[in-house]
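Architecture and fold: a report
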Amino acid sequence: MTSITSENAVQSPSRIKRLTAPVWNVFKQLASRPLSLVGMVVVALFILMAIFGPIVAPYKFDALIKGAARQAPSAEFFFGTDKLGRDVYSRVLWGAREVIVIPGVATTIAVTIGAIIGMGTAYFGGWIDEIVSRLLDSLLAIPALLLALVMLGVIGPSPIGIVIVIVLLYVPIVARVIRSATLNVRSSGFIEAARLRGEANWYILFREILPSVLPALTVEAALRFSYAIFLTASLGFLGLGVQPPSPDWGRMVNEARESYDRTPWALWFPAGAIAVLVIGVNLLADGLRRVFRYEGV
Amino acid sequence: MQSGTYRIGRFAALLAILLLITGSVFSVHAQGGTLRIGAVAPTVLDPALGSNDPEILFNRSIYDYLVEVLPDRSIAPNLAKSWTISEDGLTYTFTLEDGVKFHDGSDFSSADVVYTFNRLVTIESPAVNLLGEFAVSAPDAATVVFTLTSPNADFLYGVANQLALIVKDGAETPNELASGDNPYANFNGTGPFTLTEYKEGESATLTKNATYWKEGQPLLDTIQFQFINDPVTQVNALKSGEVDFIFKISPDQVSGLETESGISLIQTTTNQHPVIRLRTDQGPGTDVKVRQAFKYATDRAELNDLVLEGRGTIGNNDPIGPGYATFFDADIQVQEYDPEKAKALLAEAGYPDGLNITLQTINVLGYDTLATVLQQQWALAGINAEIQVNEEGFYYDDSNPDNWLKADLGITGWGDRPIPQGYLAEAYTTEGIYNETHWSDPALDELIQQASITADPAARAAIYNQISEIFNESGPIIIPWFAPIFSATRENVSGLTVAPFPGLTDLRGVSVS
């Protein structure tokens, strides 16, 4: 139970190798909590869907099935068909890629950049820290969706545009969290020891500090990922995300909205998929937080 | 006994008459009320420039036309009570109504008309398109004379243009919100309602003009515009009773309203249509074979079925639709659908492996759905279209580098015009201000010009047939359908006839009980 935290407490140098062993430990601990287990299973299922969905799907996401518009869910069309005669089940399966890949890529980039900035500013301190921190604070002051709308209005709606927007929105948040986490360990004995040994700054940053802030980083990444899914879906819903005939779930919800009174299933399934995925990621993030005994910043 | 029955009968008759009288008195009293309209927020308020339906509906309630187009497309007197046309068709003399006053209390006179029409020219309002070249003068306070440089059979339609609303002589900034005591001083028309409150992007309140020149009108006490940009929210607002009238309901929502109790659905036959157009001066559309290929690759019947649920009239390759009883040739062969032929034409044009192109479209009227189906149809002919859906306002915005006048391939929404000449002069002549295809065909220009001076309907129909031929052979546009417009009111609204261009709907005879 306490292996991770005790390691954190001891914080001896050169821990990268020994960090792979705790990954299994984390899994085991997550699996022991029912809610965290649900979260893990859900996320795993959606990742499988993103990988194999298009292979399993009976139709292509943009195929108009002749004479099959507005069919209720049945053995032939599990989730029914939309107003144009597209198979909702196939579209939801194809859509998993859009919904997981864009936020996934964006979160990875945002967390990487955010972590580097956060560790760097806290470690070096001084005027660099002041300037960068205030800059990030000012970015944080802008409401997320508003910034997204303005930016996509300028650079035009495209998957890359969404990635850029999410990165810009989440780098300051991640950086702030990691900066605080780094400040907590900066004055620890093992960092001092490394300095006295004459280790290079990059070594101290990535071999000493990074392992210590990894729990914070993992929880933060999971949380950001769930928000990014929601933001991507929201942008798709607003028509600012990917373009038709993309099976992006947010866009599907928007397209189904006007004919909800006749093809409600075309809205239920993509909306349900977003809800389940976001809840799943959140349960997982919550589980990680508990495993790491990480209270957040 | 007999006389008793007689008396009772007489008494009953008297009672019935009394009831009838009081009843009619009561119904007169019942007139009035407040009409709440759910509509997209206007962006351009100047009556000479604002062009979409909510803007026109707002402006025409504050201002008046000199003459106006009725929903049946005929011309009727308004501020001008009568007019005469000279033998040569070059001089139009209008006699104005007496006793008309602007909202600020000043008298309306011929000078205001002269100023209005000169202003249309100066600020390059789209209204001048049908007017042609003219000079306007005021021999006396109640007379206005237009002198044309060349005959123009559609001149009265020009005078009745939706943007030719009469403003006060010297009004430089009509409908600009002013600072100071009266922010609405610039909304100074002669119209049936005065603006009493305007909250940008939110609502507008118009109050009955008690001294309106037209006897007994308007009936309503108040018009309230609730600005709702989202079509689904508009329908929900109508259902929940927050608004009484909405127009231009998107095709997906129509059948849901058919069964809704307490709501009357209104269908208006119009010439409104989407134009799927290529540019003729750049991109693949420069080649006539490519234009032909797009026409053959488009299955109009399927588009009408899937997007409009079969409610539209299938279109051809020119804008003269079924809205024009005189000019529309219902027997004309509709363009056939043949993806193989489209493929062959593309190969001849130098695209043996298909063609990649971006299709620009807007997010209203079901045009994004239209684009989605087009993409699938075109794929069968080797046209790989990538769809770009734009916010409507952005697509028509001058600052957008891929706007409707610049994109190589796009879908444009064209509202109803009272006569086909409107579309032809605006969009398909070399000099047309909305020549979105950048098409320049001297023979076509000549025919359009000829039609404009041909007053005889049969002769004009013959010219329009020739024009349709040119559109079929080398035209850069595809018209999938001509759409009816759907509007809806709550049941307590009476006297409302929606015009084919919904913004031109006359609210003077409307009442709400």
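What you see is a predicted model; the values in this text were computed from it and never measured.

Considering the overall build of chain A
- Scanning chain A from terminus to terminus reveals 11 helices and zero strands.
- Moving toward the C terminus, one meets the helices and strands of chain A in the order α-α-α-α-α-α-α-α-α-α-α.
- Overall, chain A is about 75 × 45 × 25 Å in size when its C-alpha atoms are taken along their principal axes.
- The proportion of buried residues among the 297 residues of chain A is 51%.
- Restricting to contacts in chain A with at least 6 residues of sequence separation, those with at least 24 account for 72%.
- When the accessible area of chain A is evaluated, it comes to approximately 13500 Å², of which 70% is carbon and sulfur surface.
- The averaged location of the 19 negative side-chain charges in chain A is 4 Å from the averaged location of its 26 positive side-chain charges.

With respect to the overall build of chain B
- Regarding its fold elements, chain B presents 15 helices and 22 strands.
- Computed over C-alpha atoms, the radius of gyration of chain B comes to 25 Å, within 12% of the 24 Å expected from 2.2 N^0.38 for 513 residues, which places it in the range of a compact globule.
- On the principal axes, the C-alpha backbone points of chain B span a range of 95 × 60 × 55 Å.
- Across the 513 residues that make up chain B, the buried fraction comes to 54%.
- Here the analysis covers contacts within chain B between residues at least 6 apart in sequence; of these, 70% occur between residues at least 24 apart.
- Carbon and sulfur atoms provide 52% of the accessible area of chain B, an area that totals close to 20900 Å².
- Looking at chain B, you have 28 positive and 66 negative side-chain charges, and the mean spots of the two groups are 7 Å apart.

Some points on the sheet that holds strand 5 (residues 91-96) of chain B
Residue and element names in this part refer to chain B.
- The strand order across the open sheet formed by four strands is 4-5-7-6, and the pairing between neighbours is antiparallel. On the outer flanks of this sheet lie strand 4 (80-85) and strand 6 (134-140), each paired with one strand and no other. Mean inter-strand twist for the sheet, computed between neighbouring axes without regard to direction, equals 20 degrees.
- Pairing of strand 6 with strand 7 (residues 143-148) involves five bridges; the strand directions are antiparallel. Within strand 7, the residue paired with Ser137 across the bridge is Val145.
- Lying on the sheet, helix 3 (residues 110-122) is in contact with strand 5, strand 6 and strand 7; it crosses strand 6 at an angle near 170 degrees.

Observations concerning the layout of surface pockets
All names here are of chain B.
- Estimated volume of the second largest pocket: approximately 670 Å³.
- Every residue lining the second largest pocket is counted, 25 residues in all, and those nearest its centre are Asn129, Gly132, Glu133, Ala425 and Gln449.
- If you list the elements that add at least two residues to the lining of the second largest pocket, you get helix 4 (128-131), helix 13 (421-427) and helix 14 (442-452).
- Its residues placed into classes, the lining of the second largest pocket shows nine nonpolar, 11 polar and five charged.
- Residues lining the lining of the second largest pocket come from more than one domain, with at least three contributed by each of domain 1 (54-159) and domain 2 (270-484).

Regarding empty space enclosed by the protein
Residue and element names in this part refer to chain B.
- Applying the stated criterion across every chain, the model contains seven cavities of 30 Å³ or more.
- Of the voids in this model, the largest cavity is the one considered here, and its volume is about 160 Å³.
- What lines the largest cavity is a set of 15 residues, and nearest its centre among them are Pro251, Gln272, Leu308, Ala483 and Pro484.

So, the interface of chain A and chain B
- Opposite the 17 residues of chain A that make contact, chain B presents 20 residues.
- Summed over both sides, the interface of chain A with chain B buries roughly 1800 Å², with 45% coming from carbon and sulfur.
- A salt bridge links Glu309 of chain B to Arg70 of chain A, with the shortest nitrogen-to-oxygen separation between them at 3.1 Å.
- In this assembly, chain A and chain B are joined by 10 residue pairs in polar contact (both at pLDDT 80 or more).
- Across the side of chain A that touches chain B, the residue classes break down as six nonpolar, two polar and nine charged.

Re the sheet that holds strand 20 (residues 485-490) of chain B
Residues and elements named next belong to chain B.
- Here we have seven strands laid out as an open sheet, ordered 8-9-10-1-11-20-12, and mixed in their pairing. At either end of the open sheet lies a strand with only one pairing partner, and these are strand 8 (193-199) and strand 12 (263-268).
- Pairing of strand 1 (residues 34-39) with strand 11 (residues 245-246) involves two bridges; the strand directions are parallel. Residue Ile37 lies in a different strand from strand 11, and its bridge partner there is Phe245.
- Contacts between helix 2 (residues 53-62) and the sheet are confined to strand 1, strand 8, strand 9 (203-208) and strand 10 (222-227), with strand 8 contributing the most and set at about 135 degrees to the helix.

Some remarks on the pairing of strand 13 (residues 273-278) of chain B
Residue and element names in this part refer to chain B.
- Of all six residues in strand 13, six are buried, a share of seventy percent or more.
- Going residue by residue along strand 13, you find His273, Val275 and Arg277 tucked away on one face and Pro274, Ile276 and Leu278 tucked away on the opposite face as well.
- Inspection of the sheet shows strand 13 paired to strand 17 (residues 409-414) by six bridges, in the antiparallel sense. Paired with Arg277 across the bridge in strand 17 is Gly410.

Overview of the side chain of Ser61 of chain B
- Tracing the backbone through its elements, the reader meets Ser61 of chain B in helix 2.
- Sequence-distant contacts of Ser61 of chain B, defined by excluding residues within four places in its chain, comprise Gly191, Pro192, Phe193, Leu206, Ile223 and Leu507 of chain B.

With respect to the nonpolar core
Residue and element names in this part refer to chain B.
- Among the nonpolar cores identified, the biggest contains 71 residues, and Ile37, Phe58, Leu66, Phe94, Phe117 and Phe146 are the most heavily contacted of them.
- Here this core takes five residues from helix 3, the largest share from any one element.
- Excluding its chain neighbours within four sequence positions, the residues that come into contact with Leu66 are Pro77, Asn78, Leu79, Ala80, Phe94, Leu96, Val113, Phe117, Phe146, Val159 and Ile166.

Quick notes on the pattern of salt bridges
Residues and elements named next belong to chain A.
- Under the counting rule described, the total for this entry stands at 38 salt bridges over all chains.
- A salt bridge links Glu255 to Arg86, with the shortest nitrogen-to-oxygen separation between them at 3.2 Å. With a gap of 169 residues between them, Glu255 in helix 10 (residues 249-257) and Arg86 in the loop between helix 3 (34-56) and helix 4 (88-124) connect regions that are remote in the sequence.
- Residue Glu255 is classed as buried on the basis of its relative accessible area of 19%.

Here's the deal with the domain arrangement of chain B
Residues and elements named next belong to chain B.
- Considered domain by domain, chain B is made up of domain 1 (54-159) and domain 2 (270-484).
- Taking only C-alpha atoms, the centre of domain 1 and the centre of domain 2 are 32 Å apart.
- Counting from both sides, the interface comprises 10 residues of domain 1 and, opposite them, 19 residues of domain 2.
- Of the roughly 1100 Å² buried between domain 1 and domain 2 on both sides combined, carbon and sulfur atoms contribute 59%.
- It is Arg73, Asn129 and Asp154 that lose the most area in domain 1 upon contact with domain 2, and together they represent 49% of the buried surface on that side.
- Across the domain 1-domain 2 interface, the total number found is two salt bridges.
- Among the salt bridges present, the one from Arg73 reaches Asp416, with a minimum N-O distance of 2.8 Å.
- The tally of links from domain 1 across to domain 2 stands at four residue pairs in polar contact (both at pLDDT 80 or more).
- For the side of domain 1 that touches domain 2, a count of residues per class yields six nonpolar, two polar and two charged.

Parameters at a glance
- Residues numbered from 1 in each chain as written.
- Chains lettered and ligands numbered in written order.
- Predicted model: local features only at pLDDT ≥ 70, side-chain atom pairs only at ≥ 80, totals over all residues.
- Heavy atoms only, no water.
- Helix = DSSP H or I, 4+ residues; strand = E, 2+ residues; numbered from the N terminus.
- Buried < 20%, exposed > 50% of the residue type's maximum accessible area, 1.4 Å probe, protein only.
- Contact = heavy atoms within 4.5 Å.
- Areas by Shrake-Rupley, 256 points an atom, 1.4 Å probe, with all protein chains shown as cover.
- Lys, Arg positive; Asp, Glu negative; His and termini not counted.
- Charge placed at Lys NZ, Arg CZ, Asp CG, Glu CD.
- Rg over C-alpha atoms; globule rule 2.2 N^0.38 Å.
- Pairing = 2+ DSSP bridges.
- Axes fitted to C-alpha atoms, helices over the stretch in contact; angles between N-to-C directions.
- 1 Å grid on protein atoms, 1.4 Å probe; cavity = no way out; pocket = protein on both sides within 12 Å on 5 of 7 lines; lining within 4 Å.
- Points joined across faces, edges and corners; volume = space filled by probe spheres on them.
- Nonpolar A, V, L, I, M, F, W, Y, C, P; charged D, E, K, R; others polar.
- Domains from an automatic or database assignment.
- Buried area = accessible area lost by both parts, 1.4 Å probe.
- Salt bridge = Lys/Arg side-chain N within 4 Å of Asp/Glu carboxyl O.
- Polar contact = N/O pair within 3.5 Å; in protein donor to acceptor, adjacent residues only side chain to side chain.
- Core = buried A, V, L, I, M, F, W, Y, C linked by side-chain atoms within 4.5 Å.

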